[in-house]
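# Breakdown of the fold
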Amino acid sequence: MTYLFFKKNLLVAMLLAASVFISANAQATEPLLVVATGGRIGVFKYGSSDPAATAFWHRTPHQLGGPVAEMQIGFMNWFLNYSVEYDNENDVTIEHAWLERALDGQVVPITFDGSRELIMPAASTEPFWPADPIDSSVWTGGVPQKDEIFWLHIKGSMPSGGKVCQGNPTGYSGSRFIVYNPANGPGTIDFSGTVPSISGQSARTRGLPVVFLGRYTDPGHLAVIGIGDSILDGSGDASSSYSSVSGFGYFNRAAVDSEGKNTIATFNLTRHGAAAGTWNTAVRQRPFLQYANVVVEEYGTNDLGSTGGGSVSTIQSRLENIWTLCRNAGVQHILRAQLLPRAESTDSWATKENQTPNNGWGDGGKRDELNAFFDASVTNGKIDMVVQMLDAVSDPTDSHVWLTNGSAKFLNTDSTHLNSNGNATIAPILRTALLSLTVDAPEPTYGGWAESIDWGAADSSPAADPNSDGVINAMAYALDISPLNPPQTGDLPYAVFDEDTSSGLWLKFIFRESSTAQDLVYSCLSSTELSSGWVNLIADGINVIEETLDTDPDGDGSAVLKQIKINLVSFGDTRRFVKLDISL
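### Here's the deal with the overall build of the chain
Secondary structure summary: the chain contains 10 helices and 36 strands in total. In terms of C-alpha radius of gyration, the chain reaches 25 Å, essentially the compact-globule figure of 25 Å for 584 residues. Judged by the C-alpha coordinates and their principal axes, the chain covers about 80 × 60 × 50 Å. Within the span of the chain, comprising 584 residues, buried residues form 53% of the whole. Of the contacts formed within the chain by residues at least 6 apart in sequence, a portion of 76% connects residues at least 24 apart. Put simply, the chain shows about 22,600 Å² of open surface, and 49% of that area lies on carbon and sulfur atoms.

The structure is reproduced here in structure tokens:
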């Protein structure tokens, strides 16, 4: 663990420990991924008008996309308000959370560093707070398998007059989210079954935003994140009550077959009204990409706009930026949804003849330019597939208007959005596209690296230090240096001050990353206290800047040299610690 200490009156850095912490779990060799349905970011916040209603109770189902070696739930205290990420203005406390296995009713408590309580602070840029991993050995019914449902229960509180972020829908039978006066609550925890009715409660159609992560027992299972606006989010579909355990909208409907089985694990990074420009400043959304091997991207409707005023070149640039972020995060396949019709009607879309495409959405217009751009992006390798869904919902003689059958609103609920029938029509098309993909275990892994080295009689296990130089094997693997020879100058993380760059005193934290290893997670953490309070340093391009100093420092393509620049003046602290955390 490398710590850096800054004291303003000394203007020096103190290197307290010249090492990097590696958390190696030999029992969890697969990468941490989205492993179940039902996860969503927050899209608004809610607070009761009753100042005494400070307690909440959440229960939602999550169906597994494959057998898992462990599960890990992440909890959020922020929301995406159209195209801006907003902090919640108050702390939210999770007092008790647990998982209920639908197969046999077994309940397993969820903990946070061994404690049942988690306080999610206000105004934090943390993408989510992860619970402790739950190893599958705790389940008495055996390793959890594909298509199993696990119910997530969360009981917690907010301050009087406070608010809680809302994300996961509660329209499936047995789901619930209520806000109530804690004095009226039964006080029960760690049980299986539905949330009881409580006097004075306020029931909501959405619960807390959560992400359901874990490690599959073997490679080859899909972990799909959806990025987009109201079309992918499912606006227009039945959202307050639905029969599919995977949720509403064609993206979530695609997660299961007609029998509700053969699950594809999914997570929604979608928001009604959002546009691709959101990702220029999306400090909380970007980190989720590392937990997907497939991304379905669908922006463009709001970027182009109802009157077609959006710039095609600007939209293309924004989308290419998102695709690059996906590639850099290790996403193996990027699927792009076609832009659908946007047309007004004088007879509620009962006929083709009474529809008029919006400006920019007609024949040869900007929508067509963008759909052609998507096809070209497959050819040049920027994305992997365009999901061919336009023909299924547009008129067979004119793809710029909605398909009709003589009845009002056959597939769409307005000029832009699919209704439940339309979402049900497109979902199998997306599902077929997803199931055509092959995802492999990320390679190379530590095991492959270790096998490539002649260890002789030395110990090749991750935690071993065969030459007793203080650099364990897992650390050498992460930094792409020799595990058998002592480190050379520049091999280990180090820091320098920069007093020449404008906007104050900068700390440059420089470290190596393996270019090939795919089973590692690198994080730069910061705190004002050495013993606690560590949070991710998330690059915002202003006060925390991540840069690549050398794309190939060794000349063999095996490593990159990176730098995190921290504007120390902006933090306003008398001291600050920084560490590089590498997890295997």
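### A look at the sheet that holds strand E34 (residues 544-550)
The strand order across the open sheet built from four strands is E30-E31-E35-E34, with neighbouring strands paired in antiparallel fashion. At either end of the open sheet lies a strand with only one pairing partner, and these are strand E30 (494-498) and E34. The average undirected angle you get between the axes of adjacent strands in this sheet is 30°. Note that E30 and strand E31 (residues 506-514) share five bridges and pair antiparallel. Considered in E31, the bridge of aspartate 498 is made with tryptophan 506.

### Examining the pattern of salt bridges
Taken as a whole and judged by the stated rule, the model has 20 salt bridges. The residue glutamate 89 makes a salt bridge to lysine 45 at a minimum N-O spacing of 3.8 Å. Of this pair, glutamate 89 sits in the loop between strand E10 (84-87) and strand E11 (92-101) while lysine 45 sits in strand E6 (residues 44-46), placing them 44 residues apart in sequence. According to the relative accessible area criterion, glutamate 89 is exposed, its value standing at 68%. Take lysine 45: its relative accessible area is 24%, and that puts it in the partly exposed class. A salt bridge links arginine 101 to glutamate 148; the shortest N-O distance between them is 2.7 Å. Taken together, the positions of arginine 101 in strand E11 and glutamate 148 in the loop between strand E15 (134-135) and strand E16 (149-157) put the pair 47 residues apart, joining distant regions of the chain. Judged by relative accessible area, which is 0%, arginine 101 ranks as buried.

### Here's the deal with the packing of helix H4 (residues 312-328) against helix H5 (residues 366-379)
One can describe the packing of H4 onto H5 by two numbers: an axis separation of 11 Å at closest approach and a directional angle of 35°. As for how H4 packs across H5, the hand of that crossing is right-handed. Where H4 abuts H5, its residues Val312, Ile315, Gln316, Leu319, Glu320 and Trp323 lie against Lys366, Glu369, Leu370, Phe373, Phe374 and Ser377. Each residue belonging to the contact of H4 with H5 can be placed in one class, and the counts come to seven nonpolar, two polar and three charged.

### So, the pairing of E16
Two faces, one strand: in a regular strand the side chains alternate between the faces of the sheet. Judged by how many residues are buried, E16 sits mostly within the fold: nine of nine residues are covered. Residue alternation in E16 divides its side chains into two sets, Ile149, Trp151, His153, Lys155 and Ser157 and Phe150, Leu152, Ile154 and Gly156, and both sets are buried. Both strand E7 (residues 55-63) and E16 contribute to a ladder of nine bridges, which runs antiparallel. By the bridge assignment, threonine 60 is partnered in E16 with leucine 152. Of the pairings in the sheet, the one linking E11 to E16 comprises eight bridges and is antiparallel in character.

### Overview of the environment of alanine 282
By the element assignment, alanine 282 lies in the loop between strand E22 (265-270) and strand E23 (294-297). A relative accessible area of 0% places alanine 282 in the buried class. For alanine 282 and valine 84, which are 198 residues apart along the polypeptide, the C-alpha to C-alpha distance reads 7.9 Å.

### A few points about H4
Here H4 contains 17 residues, and its C-alpha end-to-end distance of 24 Å stays within 8% of the 24 Å for a straight helix at 1.5 Å per residue. All buried positions along H4 are accounted for by Val312, Ile315, Leu319, Ile322, Trp323, Leu325 and Cys326. What you see down the axis of H4 is that its buried residues fit within an arc of 155°, all on one side. At its buried positions, H4 is contacted by strand E21 (223-228), E23, helix H3 (301-304), strand E24 (333-337) and H5. At the exit of H4 stands glycine 330, carrying a positive phi of roughly 95°.

### Looking at the environment of glycine 249
Within the fold, glycine 249 resides in helix H2 (residues 249-253). Taking relative accessible area as the criterion, glycine 249 reaches 0% and is therefore assigned buried. Counting along the chain gives 17 residues from glycine 249 to leucine 232, while the straight-line C-alpha distance between them is 6.6 Å. Filtering out sequence-adjacent residues up to four positions away, glycine 249 remains in contact with Gly234, Asp237 and Asn423.

### Description of the packing of aromatic side chains
If you walk through the whole model with that rule in mind, you get 18 aromatic pairs. Aromatic side chains tryptophan 139 and phenylalanine 150 sit 5.0 Å apart centroid to centroid with 70° between the ring planes, which places their arrangement in the edge-to-face category. Placement of tryptophan 139 in the loop between E15 and E16 and of phenylalanine 150 in strand E16 is noted, with a sequence separation of 11 residues between them. The buried category is assigned to phenylalanine 150, whose relative accessible area is 0%. What links up through ring pairs into an aromatic cluster is the set Phe128, Phe267, Phe288 and Tyr291. In this structure, arginine 59 is placed above the aromatic ring of tryptophan 151, and the distance from its NZ or CZ to the ring centre is 3.8 Å. Lying across the ring of tryptophan 506, lysine 565 places its NZ or CZ 5.0 Å from the centre.

### Quick notes on the side chain of arginine 206
Here arginine 206 lies in the loop between strand E19 (202-203) and strand E20 (210-216). Here arginine 206 occupies a buried position and makes no salt bridge, while the nearest side chain of opposite charge, aspartate 233, is found at 4.1 Å. Among the polar contacts made by the side chain of arginine 206, one reaches the main-chain carbonyl oxygen of glycine 167 at a distance of 2.8 Å. In this structure, arginine 206 is in contact with Arg40, Val43, Phe44, Gln166, Gly167, Asn168, Pro169, Thr170, Phe177, Asp233 and Phe248, ignoring residues within four places of it in sequence.

### Some words on the environment of aspartate 480
By the secondary structure assignment, aspartate 480 is in the loop between helix H9 (473-479) and E30. It is 30 Å that separates the C-alpha atoms of aspartate 480 and glutamate 529, two residues lying 49 residues apart in sequence. Aside from chain neighbours lying at most four places away, what touches aspartate 480 is Arg512, Ser514, Asp554, Ser558 and Ala559.

### Side note on H5
Taking 1.5 Å per residue, 14 residues should reach 20 Å; H5 reaches 20 Å between its end C-alpha atoms and fits that length. Where H5 is concerned, the buried positions are Arg367, Leu370, Asn371, Phe373, Phe374 and Ser377. The arc enclosing the buried residues of H5, seen along the axis, measures out at 150°, which places them on a common side. Close packing links the buried residues of H5 with H3, H4, E24, strand E27 (385-387), helix H6 (390-393) and strand E29 (398-402). The positive-phi residue at the C-terminal boundary of H5 is glycine 381, with phi of around 80°.

Scoring rules and cut-offs
- Residues numbered from 1 in each chain as written.
- Predicted model: local features only at pLDDT ≥ 70, side-chain atom pairs only at ≥ 80, totals over all residues.
- Heavy atoms only, no water.
- Helix = DSSP H or I, 4+ residues; strand = E, 2+ residues; numbered from the N terminus.
- Rg over C-alpha atoms; globule rule 2.2 N^0.38 Å.
- Buried < 20%, exposed > 50% of the residue type's maximum accessible area, 1.4 Å probe, protein only.
- Contact = heavy atoms within 4.5 Å.
- Areas by Shrake-Rupley, 256 points an atom, 1.4 Å probe, with all protein chains shown as cover.
- Pairing = 2+ DSSP bridges.
- Axes fitted to C-alpha atoms, helices over the stretch in contact; angles between N-to-C directions.
- Salt bridge = Lys/Arg side-chain N within 4 Å of Asp/Glu carboxyl O.
- Left-handed = near helix turned anticlockwise from the far one by under 90°.
- Nonpolar A, V, L, I, M, F, W, Y, C, P; charged D, E, K, R; others polar.
- Expected span 1.5 Å × (residues − 1).
- Arc of directions from axis to C-beta.
- Phe/Tyr/Trp six-rings, centres within 6.5 Å; stacked < 30°, edge-to-face > 60°.
- Lys NZ or Arg CZ within 6 Å of the ring centre and 35° of its normal.
- Lys, Arg positive; Asp, Glu negative; His and termini not counted.
- Polar contact = N/O pair within 3.5 Å; in protein donor to acceptor, adjacent residues only side chain to side chain.

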